[in-house]
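Letter by letter, the chains look like this.
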Amino acid sequence: MPCPASAAPPVLNLWKAGLGSVPAKVWEREDWEVLILADNALTEIPAALGRLHALHTLDLGHNALTKVPDELGGLAGLTRYLYLHDNRLTALPDSLGDLDRLGYLNVGENPLGRLPATLGRMTGLVELRAQQAELSSLPETLGRLGRLRELWLGGNALTRLPGSVAQLHELRVLELRDNNLSDVSETLRALPLLRRVDLRGNRIEALPPWITRLPSLEKLDLRWNRVDDAAEAVLALRRRGCVVLT
């Protein structure tokens, strides 16, 4: 008896396919687990996206999208990766907060201006990237992301971090380069697992004494600030083996 033909894997990779718009046939199959539509000059994603309940990975990066449909928040199976970076998004749908099992989210390189408060419901996030998103502040709800290990916020216009950042006890990597920070946020002293902090290109002139007591800190990048390379806190961190770049 001949063996039945194996079903095609539920992965659709249309990266750099020169689409311009999403072919209707994409929505004819609803069991896709991975859908890659990156780098296709797409300007619109139809509401039909909401049918793809089996998706665990969705890549819409490097397009020309000005919005994503609310139906995105109904993709309960989206647990691994969501790429929305390098588009023209001026807002994210509040429904994004319904993706409470998603592990990785990249919304960088969009003129967002703000992140929705519903972001705090995305409690499965391990890594959040929102670089170059024209952010001048962050929602206080950010502190609810208790599993977050990496937070990338470089190239924005942040002057402070919300106090709730002190609740991100799993955070290991914090990238804040090229913002408008004038000091090292007091909130960081509550983060026992913090290993790498990138503060390049801010307006910091001095380090607080408590920074030498961050138990896990391995690398602190302070280049293009005004911190004295011979400052006591800098020397104390180096003596214990932390790499400090000034």
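This structure is a prediction, so every number in the text was calculated from the model and none was measured.

Undergrad: Looking at this structure, how should I read the overall build of the protein chain?
TA: Each helix and strand in the protein chain was counted, giving one helix and 11 strands. Along its sequence from the N terminus, the protein chain presents helices and strands in the succession β-β-β-β-β-β-β-β-β-β-α-β. Considered along the principal axes of its C-alpha atoms, the protein chain spans approximately 75 × 45 × 30 Å. The buried share of the protein chain, taken over its 246 residues, is 50%. Taking contacts inside the protein chain between residues at least 6 apart in sequence as the whole, the part at least 24 apart equals 27%. Here the protein chain displays about 11,700 Å² of accessible surface, and carbon together with sulfur accounts for 49% of that area.

Undergrad: What is the right way to read the environment of Val-26 from this model?
TA: Examined against the element boundaries, Val-26 turns out to sit in the loop between strand S1 (11–13) and strand S2 (34–36). Accessibility expressed as a relative area gives 1% for Val-26, which makes it buried. Along the sequence, Val-26 and Leu-52 sit 26 residues apart, while their C-alpha atoms lie 10.0 Å from each other.

Undergrad: Mind showing me how you'd approach the sheet that holds strand S7 (residues 150–152) here?
TA: Neighbouring strands of a sheet are bound in pairs by backbone hydrogen bonds; such pairs are parallel or else antiparallel. The strand order S1-S2-S3-S4-S5-S6-S7-S8-S9-S10-S11 describes an open sheet built from 11 strands, whose pairing is parallel. Across the chains shown, the open sheet's two edge strands, defined by having one partner strand only, are S1 and strand S11 (243–245). Mean inter-strand twist for the sheet, computed between neighbouring axes without regard to direction, equals 5°. Where strand S6 (residues 127–129) meets S7, three bridges bridge the pair, whose relative direction is parallel. By the bridge assignment for S7, Glu-127 is matched with Glu-150.

Rules used in this analysis
- Residues numbered from 1 in each chain as written.
- Predicted model: local features only at pLDDT ≥ 70, side-chain atom pairs only at ≥ 80, totals over all residues.
- Heavy atoms only, no water.
- Helix = DSSP H or I, 4+ residues; strand = E, 2+ residues; numbered from the N terminus.
- Buried < 20%, exposed > 50% of the residue type's maximum accessible area, 1.4 Å probe, protein only.
- Contact = heavy atoms within 4.5 Å.
- Areas by Shrake-Rupley, 256 points an atom, 1.4 Å probe, with all protein chains shown as cover.
- Pairing = 2+ DSSP bridges.
- Axes fitted to C-alpha atoms, helices over the stretch in contact; angles between N-to-C directions.

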